[in-house]
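Each chain, written out:
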Amino acid sequence: MAGPGPGGVGGSRGGPGRGRRRAPTWEISDSDTEGPAGAEANSEAVARARDPAEERRAAAEALRLLRPEQAVRRLVVQVDPAILEDAGADILLEALSSLGCEYHLEPQRPARSLRWSRVKPEPCPSSVPPEVWAAGEQDLLLLLEPDEFLQGVLQLTQVCGPTCPVPWIFPESPACPHLAVIGLDAYLWSRQPNTQEMQPPESPGMPHATMAVGWPEVEEALVHLQLWENLDVLLVASWQELSQHVCAFTKALAQHPFKQFQEHRPVSFCTAACWVAGARVTRDGTGLRGAWWRQIMQFNRVSPAMADAVVTAFPSPRLLQQAYVACGTEQERLALLADLPVKADKGKRPRRLGPDLSRRICLFLTATNPDLLLDLSS
């Protein structure tokens, strides 16, 4: 019986046919041993990606990139070269340079306009939603000369209603436009001595109609643009005032992603960390005393010793509510906790809880008016 055994084993290893079948067996065996190792490596990568410390570092880096002082450096203001034809345009460019953002001279449509764009950081943090980086990328400011604006006002005052087209806006423009007019007040005052009449385009109904454009027509057009077109019009007296508005608008765009990111983040007191989480109360009542103690501490002018006095006398808010129900009068309920002894430090006189805190706790647990002011001294 011993002979065939070794011969059989030797034949199984030395035979050419069976030798070919063993090689895949060993390869499969090797791959089986490598499979768990690869799975462990992947699990380690996933665990590293889900590591709370790594997540906090990524959130801190994303928060740093979204800070307004950092975000303003990634804002690019595209300025149409036609704006430089005005002598006061240098004030605008100097203001943009002092702000810290970049500006590029590129032809824009429509002409004499400024467009804001945002450069995303590379690499882009995955913890920030994509819509946060795209916030405010389609804002446009169109500069109009006073006579050009008044011509549009003349068209708007002739045809009122939602069907009236806006003269300065291109329908195919994807941006959200804003209008700015420099020196309109001075222009109207210069026309006041001998009123200049502006002729609208000839139409079948009004072949030679004329109309003088003044402040009443301008105000009517501003109301129409705001109500029907949701279009803001900025009237400024000088390039200095326009530059201040552009800088303020740029700063607001830099703050927008940070505020939007803060809205997407969970509030701090909902995290799982022990130092910010509230006292947990289990089904068997464990932790109820600590939660009740913290609730008392939220009242104004309450020391830990005062909260200990209330929690010692009534270990849960339910027991205190039952005591309030057992009281016969309202005055008795309000003064129920007034005489509770408060533990004092060594060398100090013992004291009571007092009627003020007793009244506030009573109203907090029994009042049904949500607008009731508990603290009369606040």
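Right above here is the structure, for reference.
A. Up close: the nonpolar core. If you look at the biggest cluster of nonpolar residues, it comprises 27 residues, and the most contacted ones within it are Leu114, Trp116, Leu141, Leu143, Trp239 and Leu242. Secondary structure elements with two or more residues in this core: strand E1 (75-79), helix H5 (89-99), strand E3 (113-118), strand E4 (139-144), strand E5 (176-182) and helix H10 (239-264). Judged by nonpolar contacts, the second largest core, of 23 residues, contains Val310, Leu337, Leu340 and Ile361.

B. Layout of the pattern of salt bridges. Scanning the model with the defined rule gives seven salt bridges in all. One salt bridge connects Asp375 with Arg301, and the closest N-O pair in it is separated by 3.1 Å. With a gap of 74 residues between them, Asp375 in the segment after helix H15 (355-366) and Arg301 in the loop between helix H11 (288-297) and helix H12 (304-313) connect regions that are remote in the sequence. For Asp375, a relative accessible area of 7% translates into the label buried. Where Arg352 meets Asp339, a salt bridge forms, and the shortest distance between an N and an O atom there is 2.6 Å.

C. A look at helix H9 (residues 215-228). Between its first and last C-alpha, H9 extends 20 Å over 14 residues, near the 20 Å set by a 1.5 Å rise per residue. Among the residues of H9, those classed as buried are Val218, Ala221, His224 and Leu225. Down the axis of H9, the buried set is contained in an arc of 125°. They therefore lie on one face. In H9, the exposed residues that point more than 90 degrees away from the buried face are Pro216, Gln226 and Leu227. For H9, the secondary structure elements touched by its buried residues are helix H7 (146-158), helix H8 (184-191) and strand E6 (233-236). Downstream of H9 by a residue or two, Asn230 has a phi angle that is positive, lying close to 55°.

D. Structural detail: the packing of helix H13 (residues 317-326) against H15. Closest axis-to-axis distance for the H13/H15 pair is 11 Å, and the angle between their directions is 95°. Relative to H15, the element H13 lies roughly perpendicular. Counting all contacts with H13, which are made through Leu320, Gln321 and Tyr324, the residues of H15 involved are Ser358, Ile361, Cys362, Leu365 and Thr366. When its residues are assigned to classes, the contact of H13 with H15 shows five nonpolar, three polar and no charged.

E. Local environment of the packing of aromatic side chains. All chains considered together, the criterion is met by two aromatic pairs. On the numbers, 4.9 Å between centres and 65° between planes, the contact of Trp116 with Phe249 is edge-to-face. Linking Trp116 in strand E3 with Phe249 in helix H10, this pair joins segments that are 133 residues apart in sequence. Here Trp116 matches Phe249 in class, with each residue buried.

F. Structural view of the environment of Ala62. Checked against the element boundaries, Ala62 lands in helix H3 (residues 52-66). Sequence separation between Ala62 and Phe258 is 196 residues; the distance between their C-alpha atoms is 9.5 Å.

G. Expanded view of the pairing of E4. Counting buried positions along E4 yields six of six residues, so the element is predominantly enclosed. Alternating positions in E4 separate into two faces, Asp139, Leu141 and Leu143 on one and Leu140, Leu142 and Leu144 on the other, with burial throughout. Across three bridges, the pairing between E3 and E4 is antiparallel. Residue Ser113 lies in a different strand from E4, and its bridge partner there is Leu142.

Rules of the game
Residues numbered from 1 in each chain as written. Predicted model: local features only at pLDDT ≥ 70, side-chain atom pairs only at ≥ 80, totals over all residues. Heavy atoms only, no water. Core = buried A, V, L, I, M, F, W, Y, C linked by side-chain atoms within 4.5 Å. Buried < 20%, exposed > 50% of the residue type's maximum accessible area, 1.4 Å probe, protein only. Helix = DSSP H or I, 4+ residues; strand = E, 2+ residues; numbered from the N terminus. Salt bridge = Lys/Arg side-chain N within 4 Å of Asp/Glu carboxyl O. Expected span 1.5 Å × (residues − 1). Arc of directions from axis to C-beta. Contact = heavy atoms within 4.5 Å. Axes fitted to C-alpha atoms, helices over the stretch in contact; angles between N-to-C directions. Parallel < 35°, antiparallel > 145°, perpendicular 65-115°, else oblique. Nonpolar A, V, L, I, M, F, W, Y, C, P; charged D, E, K, R; others polar. Phe/Tyr/Trp six-rings, centres within 6.5 Å; stacked < 30°, edge-to-face > 60°. Pairing = 2+ DSSP bridges.

The values reported here are purely geometric and, on their own, carry no functional implication.
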